[in-house]
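These are the residues of each chain, in order.
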Amino acid sequence: MKRKLIAAIGIAGMMVSIAACGDSDNKSGGSDKGADAKELTVWLTVDAQNNWPELVKAADAAVKAKHPGIKINHEYYGWPDKNTKLDAVLATDKAPDVVEMGNTEMLGYMVKGAFAPLDASKFENSDAWLDGLKASVTYEGKTYGVPYYAGGRVGNWRKDLAASVGVKTAPKTYKDLTSALDKIQKKEGNKFNAWYQPTRDWYAAMSFVYDAGGSIAKEEGGQWKANLSSPESIKGLTEFKNVVDKYMHGDKTKDESDRYIVYGQGKSGMIFGAAWEGATSEDPKNDKTGKLKGNLENFVMPGPSGKNLPVFLGGSDLAVPVKSDAQAVAGEWINAFTGAKGQKGLMDKGNLPNNKTDLATLKSDPKTEVPATAAESNWFVPMAPGWGQVEKAQVLQTMLQSIGTGKKSVEAAAKDADAAIDKVINTK
């Protein structure tokens, strides 16, 4: 699911002090505050309500067994309106005790001091949290959330088109991939997208940047600096431009929001996107060809470096607002929900787990091998104090559109993006 990125937090004048992380042996993962709480309020998105309510009930039961008589309240929100309501309530004394956050949403709240610090060692499998998810809950060396579940990106192509040019198996190397795409492009003609790759898709473009050893920004001496103009980043951006130039013959100003719909129209041979997109494209509601069902194949995306292409790791985290009066019990609920039993339940529902140990078990199942393997190599946005204030989608999309349409050279567009990022990346 695509989540909106937060540019700023509307908590006007909010002044909070972060509760110190205690050294006690409690299982909450945070302070002892509210260890005897009689009531707990948990905010989750409708994903949990609609898709795994039994996991919520199991976590409730575990907490109630330890705290007889406790009342647990649940509120469910859609992604578009959750943060507006959260911002409003955080300015009062009626904050929820547990709140679900998209992992790209965590940083701004951590910088503002909205969440209480947690002791990561108190949570199951925390020593094996996926790198991208661990980064999303970590700020200035402290942990302010617990990864909930993950979602990755994979390649997906039409087996019939590959077979029509003599290719019978999914590509294992980047050379395999581009060789097959060259043949498909030649066979289908220049109005066909051998690889439908929206130019403004910064998640895909940054995968090429990280594969080449570059990054959006890097930290040096406690300060962050934009890094898109580095030789490594330029190399990755140049290869992304090559892909768009050679295989993408559609609108060069598009983003990825309707990619699964375009793919279903049958004028594209491949996409690189969220693991669910291929299946959604072949749904009869979206398949305008009538022949995509069973004909689409996910594969681990190979990178130009010779390794698997690093993918952006999306997902959800759970945090405890610093104003919660039940922080200790909130930590217990999170541990029950995200622990071993919870992760198994989430995996059974088709999600990727929050940790490498469970992820490894999915690699042995043909149904989950591809997304699990792809998620092993991942990247995440810079955890710089001012990153939440960067109009990141606009800055990166503008850069990519300029590159893809030929309006600017790779070097010039990257330099402009770096300048925009550097203006605020260190601002708290």
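Residues numbered from 1 in each chain as written. Predicted model: local features only at pLDDT ≥ 70, side-chain atom pairs only at ≥ 80, totals over all residues. Heavy atoms only, no water.

Spelled out, the test is: UniProt positions are given in the numbering used here, feature names are shortened, and annotations may be inferred rather than shown by experiment.
The protein goes by Sugar ABC transporter substrate-binding protein in an unreviewed UniProt entry, where it is assigned to Streptomyces siamensis. Annotation of the protein in UniProt includes, under Sequence similarities (unreviewed entry), the sentence "Belongs to the bacterial solute-binding protein 1 family."

1. Focus on the pattern of salt bridges
Rule in force here: Between Lys or Arg on one side and Asp or Glu on the other, a salt bridge is scored when a side-chain nitrogen of the former is within 4 Å of a carboxyl oxygen of the latter. Helix and strand definitions follow DSSP, with helices as H or I runs of at least four residues and strands as E runs of at least two, each counted in order from the N terminus.
All chains considered together, the criterion is met by 20 salt bridges. Where Glu-54 meets Lys-349, a salt bridge forms, and the shortest distance between an N and an O atom there is 3.4 Å. With Glu-54 in helix α2 (residues 53-66) and Lys-349 in the loop between α13 (340-348) and α14 (356-362), the pair connects residues that are 295 residues apart, well separated along the chain. In the salt-bridge network here, residues are joined through shared partners; they are Asp-201, Arg-259 and Glu-277.

2. Some points on the confidence of the model for the protein
To keep things clear, this is the line we draw: One number per residue, pLDDT, summarises how confident the predictor is, and it ranges from 0 to 100. Contact definition: two residues touch when any of their heavy atoms are within 4.5 Å.
Across the protein, the average pLDDT comes to 91, with 93% of residues at or above 70. In the predicted structure, residues 1-28 sits below a pLDDT of 50 and forms 73 contacts with residues beyond four places in sequence or in another chain.

3. Structural notes on the packing of α2 against helix α12 (residues 327-338)
Definition in use: Here an angle of 0 to 180 degrees is reported between the N-to-C directions of two axes, which are lines fitted to C-alpha atoms, with helices fitted over the stretch in contact. In what follows, roughly perpendicular refers to angles from 65 to 115 degrees, roughly parallel to angles under 35, roughly antiparallel to angles over 145, and oblique to any angle outside these ranges. Helix crossings get a hand from a simple test, with the near helix turned counterclockwise from the far one by less than a right angle marking a left-handed crossing and a clockwise turn marking a right-handed one. Only Asp, Glu, Lys and Arg are considered charged, only Ala, Val, Leu, Ile, Met, Phe, Trp, Tyr, Cys and Pro nonpolar, and every remaining residue, Gly among them, polar.
One way to put it is that α2 packs onto α12 with a least axis distance of 8 Å and a crossing angle of 135°. Here α2 is positioned oblique relative to α12, judged by the angle of their axes. Remark: the crossing between α2 and α12 carries right-handed chirality. Two secondary-structure elements touch here, α2 through Leu-55, Val-56, Ala-59, Asp-60, Ala-62, Val-63 and Lys-66 and α12 through Val-329, Glu-332, Trp-333, Ala-336 and Phe-337. Here the residues of the contact of α2 with α12 sort into 9 nonpolar, no polar and 3 charged.

4. Thoughts on the packing of aromatic side chains
Geometry of an aromatic ring pair is reported as the spacing of the ring centres plus the angle between the planes. Convention followed: Geometry of aromatic contacts follows a simple scheme: Phe, Tyr and Trp rings, the Trp one being its six-membered ring, pair when their centres are within 6.5 Å, and the pair is stacked under 30 degrees between planes, edge-to-face over 60, tilted otherwise. Partly exposed describes any residue whose relative accessible area lies between the buried limit of under 20% and the exposed limit of over 50%, with all areas from a 1.4 Å probe on protein chains only and scaled to the type maximum. For a Lys NZ or an Arg CZ to count as sitting over a ring, it must be within 6 Å of the ring centre and within 35 degrees of the ring normal.
All chains considered together, the criterion is met by 17 aromatic pairs. Here Tyr-109 and Phe-115 contribute two aromatic rings whose centre-to-centre distance is 5.6 Å and whose plane-to-plane angle is 15°, an arrangement assigned as stacked. Of the two residues examined, Tyr-109 and Phe-115, each falls in the buried class. Arranged with centres 4.3 Å apart and planes meeting at 25°, the rings of Trp-202 and Tyr-203 form a pair that is stacked. The ring centre of Tyr-203 lies 4.6 Å from the NZ or CZ of Arg-153, which sits over that ring.

5. What to know about the pairing of strand β3 (residues 98-102)
Applicable threshold: Strands pair, by our definition, only if DSSP identifies at least two bridges between them.
For β3, the buried fraction is high: 5 of the 5 residues fall into the buried class. Along β3, one buried face is formed by Val-98, Glu-100 and Gly-102 and the opposite face, lined by Val-99 and Met-101, is buried too. With 2 bridges connecting them, strand β1 (residues 39-45) and β3 associate as parallel partners. Counted as the bridge partner of Val-42 is Val-98 from β3. Here β3 runs beside strand β13 (residues 314-319); their pairing, made up of 4 bridges, is antiparallel. Bridge assignment links Gly-102 to a residue of β13, and that residue is Ser-316.

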